[in-house]
Amino acid sequence: MNAAMLEYDFMRHAFAAAGIVAILSGLVGYFLVLRGQAFAGHALSHVGFAGATGAILIGASPLAGMLAVTTLGGVLMGALGEKLAQRDIAIGVILTLSLGLGLLFLHFFTAYATQATALLFGDVLGVSVNTIYQLLLLTTVCLTILAVISRPLLFASVSPELAEAKGVNLRRQSLIFLGLAGLTTAACAQIVGVLLVFALMIGPAAAAQRLTTRVIPGLALSAGLALAQAWTGIALSYLTDWPASFWIAALSGGTYLLTLALIRN
Amino acid sequence: MSAIDLAQVTIARGGREILRNISVNIRRGEFVGVLGPNGAGKTTLFRTILGLQPIQSGRLEVFGAAPRRGNPAIGYMPQTRIGQTGQNLRGFDILANAANGHHFGLPISSRVIRDDVAAALQAVDATELAARPIATLSGGQRQRLLLAAALLGSPKLLLLDEPLISLDPAAQASIIALIHRLAETRGLTVLFAAHDINPLLGVMDRVLYLSGGNAAIGAVDEVVTAAALSKLYGADIEVIRAAGRIFVVSDTADHHHECGHA
Ligand SMILES: Nc1ncnc2c1ncn2[C@@H]1O[C@H](COP(=O)(O)OP(=O)(O)OP(=O)(O)O)[C@@H](O)[C@H]1O
Ligand SMILES: [Mg+2]
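Residues numbered from 1 in each chain as written. Chains lettered and ligands numbered in written order. Predicted model: local features only at pLDDT ≥ 70, side-chain atom pairs only at ≥ 80, totals over all residues. Heavy atoms only, no water.

1. Quick notes on the overall build of chain B
Along chain B, the regular secondary structure elements total seven helices and 11 strands. In terms of overall dimensions, chain B is globule-like: its C-alpha atoms have a radius of gyration of 19 Å, near the 18 Å expected for 262 residues. Of the contacts made within chain B by residues no fewer than 6 positions apart, 62% connect residues no fewer than 24 positions apart. Of the roughly 11,200 Å² of accessible surface on chain B, a fraction of 51% belongs to carbon and sulfur atoms. One finds the centroid of the 24 positive side-chain charges in chain B at a distance of 8 Å from the centroid of its 22 negative side-chain charges. (Helix = DSSP H or I, 4+ residues; strand = E, 2+ residues; numbered from the N terminus. Rg over C-alpha atoms; globule rule 2.2 N^0.38 Å. Contact = heavy atoms within 4.5 Å. Areas by Shrake-Rupley, 256 points an atom, 1.4 Å probe, with all protein chains shown as cover. Lys, Arg positive; Asp, Glu negative; His and termini not counted. Charge placed at Lys NZ, Arg CZ, Asp CG, Glu CD.)

As structure tokens, this is what we get:
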């Protein structure tokens, strides 16, 4: 592609930030999809929207506000039980309430309309160096935790009764994992925005799980697809001047639909 | 030497006593069929032996020690089946994860684990099935994978919670023969929960009947009689033996599922 795009700082920042977040999203998303909690992840991002706008209202950093509430939301969902995190209605209600609340917070600060767009649809070309460091730290913490819990998490996800009998604490797994999902959602929203976190967290993972029936290759493929889609999306955005979030969402959705069409089982 | 020893055990769930003051001793190497109507407490008894459910009073020993979660001597086949999530994963990876899933770390398995999984799969003749995603397996095929999962780590006791559910008579006979053969060759103690006594008649040493909080254990001829079951159920029960099969019949609709059906 066009190598000249890498001469701009904002492009290098965009690639760095999106790369970091894509790998995190692909790996955490794999477990979200496996556990049938994709919708819960989506709701967490909306909770994050209320958190970010609330933070703006009180003069705090939107990222901090989002991180705080998505993590809290995730842990709460986990604490309320495995079953609730899969219950569409309850999650839908939380999602709607959060979006409404976020809208109300924004209403008080009409001057922040551009910030609202950035929150909702992402602003990957506007990522600062500072944000990159924050995302890097966040990703390191999340991936370390995921590396430690991934084996019992998989066990608890696929065969809960057996895992419980073997001494795995299902409630604790669910709580830690949804907390992680909350953190990942907040990171993801920095790139594609709260409305499009599905693009990086769910799309690549869902496609990967259709492409391979094995765990480790599935995880690698999910992270790889997320990375490829994020970077290709940014490059296409540079070339076309269309929003990067659009391209990432289109690539993610397109890839998934392709796996649906090509592989039937 | 006993495998499981319950002395005057009472088990309560959600404030209700499910099993009251039951005393049951199961010897090592015994094959015991566990029968009783829905809600009698078969699953609850298994969960108690696994250390997942505390007892309210009495004494319970599993191989001479108090029950504890994660006891490697027990292989378990839960009644609620795996496969509601992770449908796209192949059986082998699910089993490899089940073999050491209670340890922290990445979901990768050592050579030793993979060999254990391969051996368990071979024992239930499911090596080929394990290469397929479980979404593409039939109920009976999944059952065999679950049995393989219960065999991981070479347990001494198998707690099998309704392995016959949703199987046709031929598949029932074949899985019972398989479990019986494994139990014989490995000297396993087996508790086998079921709703129909007939498929188990040739293989079980004794039968454990649960009903209304009570338990009765003994040879089929002692326990499955009109007098013994009427006492246990607290209702009039008739036992009809015909063509080598047993039919347990009661007037009340409650017990209809108890009846052996051809
Ligand atoms: N989580 C729970 N909280 C409270 N009570 C429960 C719980 N799970 C089961 N019970 C009750 O415990 C009793 C025994 O249930 P259990 O599942 O052990 O029966 P079962 O013999 O296995 O029945 P089935 O043949 O339907 O599998 C039932 O009355 C049930 O309502
Ligand atoms: Mg049961």
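Don't stop here, the text continues.
2. Description of the side chain of Lys42(B)
Residues and elements named next belong to chain B. When you line up the elements, lysine 42 lands in helix α1 (residues 42–49). Buried charge without a partner: lysine 42 forms no salt bridge, and the closest opposite charge is glutamate 162, 4.2 Å away. Apart from residues lying up to four places away in sequence, lysine 42 is in contact with Val34, Leu35, Gly36, Pro37, Glu162, Ala193, Ala194, His195 and Leu210. (Buried < 20%, exposed > 50% of the residue type's maximum accessible area, 1.4 Å probe, protein only. Salt bridge = Lys/Arg side-chain N within 4 Å of Asp/Glu carboxyl O.)

3. Quick look at the site of ligand 1
Residues and elements named next belong to chain B. Near ligand 1, the surroundings consist of 15 residues, among which Asn38, Lys42, Thr43, Thr44 and Gln79 are the closest. Between ligand 1 and the protein, one listed contact pairs an oxygen atom with a side-chain N or O atom of lysine 42 at 2.8 Å. In this structure, an oxygen atom belonging to ligand 1 sits 2.8 Å away from a side-chain N or O atom of glutamine 79. Considered class by class, the residues forming the shell around ligand 1 number three nonpolar, eight polar and four charged. (Near = heavy atom within 4 Å. Polar contact = N/O pair within 3.5 Å; in protein donor to acceptor, adjacent residues only side chain to side chain. Nonpolar A, V, L, I, M, F, W, Y, C, P; charged D, E, K, R; others polar.)

4. Thoughts on the coordination of the magnesium ion (ligand 2)
Within the protein, the atoms that donate to the magnesium ion (ligand 2) are Thr43(B) (OG1) and Gln79(B) (OE1), at distances of 1.9 to 2.1 Å. Of this pair, Thr43(B) sits in helix α1 while Gln79(B) sits in the loop between β5 (74–77) and α2 (91–100), and the two are 36 residues apart along the sequence. (Donors = N, O, S within 2.8 Å, 3.2 Å for Na, K, Ca; no water.)

5. Re the interface of chain B and chain A
At the junction of the two partners, chain B supplies 31 residues and chain A supplies 32 residues. Here chain B meets chain A over a buried area of about 3,000 Å², counting both sides, of which 58% is carbon and sulfur. Run the count over chain B and chain A and you get one salt bridge. In this structure, Glu164(A) engages Arg47(B) in a salt bridge whose closest nitrogen and oxygen atoms are separated by 3.3 Å. Seen at the junction of chain B and chain A, the total is 14 residue pairs in polar contact (both at pLDDT 80 or more). Breaking the side of chain B that touches chain A down by element, the ones donating at least two residues are β5 and α2 of chain B. For the side of chain B that touches chain A, the leading source of residues is α2(B), giving five residues. Residue composition of the side of chain B that touches chain A, grouped by class: 15 nonpolar, 12 polar and four charged. (Buried area = accessible area lost by both parts, 1.4 Å probe.)

6. Remarks on the sheet that holds strand β2 (residues 16–27) of chain B
All names here are of chain B. Across the sheet, three strands lie side by side as β2-β1-β4; this open sheet has antiparallel pairing. Bordering the open sheet on either side are β2 and β4 (57–62), each of which pairs with just one other strand. Strand-to-strand twist of the sheet, defined as the mean angle between neighbouring strand axes without regard to direction, takes the value 20°. Where strand β1 (residues 2–13) lies against β2, eight bridges are found, and the strand directions are antiparallel. Residue pairing for β2: valine 9 is matched across the bridge by isoleucine 22. Its contacts with the sheet put α1 on β1, β2 and β4, and the angle it makes with β1 is roughly 115°. (Pairing = 2+ DSSP bridges. Axes fitted to C-alpha atoms, helices over the stretch in contact; angles between N-to-C directions.)

7. Concerning the domain arrangement of chain B
Residue and element names in this part refer to chain B. By the assigned domains, chain B splits into domain 1 (1–73 + 163–232) and domain 2 (83–154). Between the C-alpha centres of domain 1 and domain 2 there is a distance of 25 Å. Contacts between domain 1 and domain 2 engage 12 residues on the former and nine residues on the latter. On the surface where domain 1 and domain 2 come into contact, there are zero salt bridges. The tally of links from domain 1 across to domain 2 stands at two residue pairs in polar contact (both at pLDDT 80 or more). Within the side of domain 1 that touches domain 2, the residues separate by chemical class into 10 nonpolar, no polar and two charged. (Domains from an automatic or database assignment.)

8. Describing the state of the cysteines
Simply put, the disulfide is a covalent bond whose two ends are the sulfur atoms of two cysteines. Residues and elements named next belong to chain A. Taken as a whole and judged by the stated rule, the model has zero disulfides over all chains. Between cysteine 142, a cysteine without a disulfide, and cysteine 188, which holds the nearest cysteine sulfur, the sulfur-to-sulfur distance is 11 Å. The buried category is assigned to cysteine 142, whose relative accessible area is 1%. (Disulfide = S-S within 2.5 Å.)

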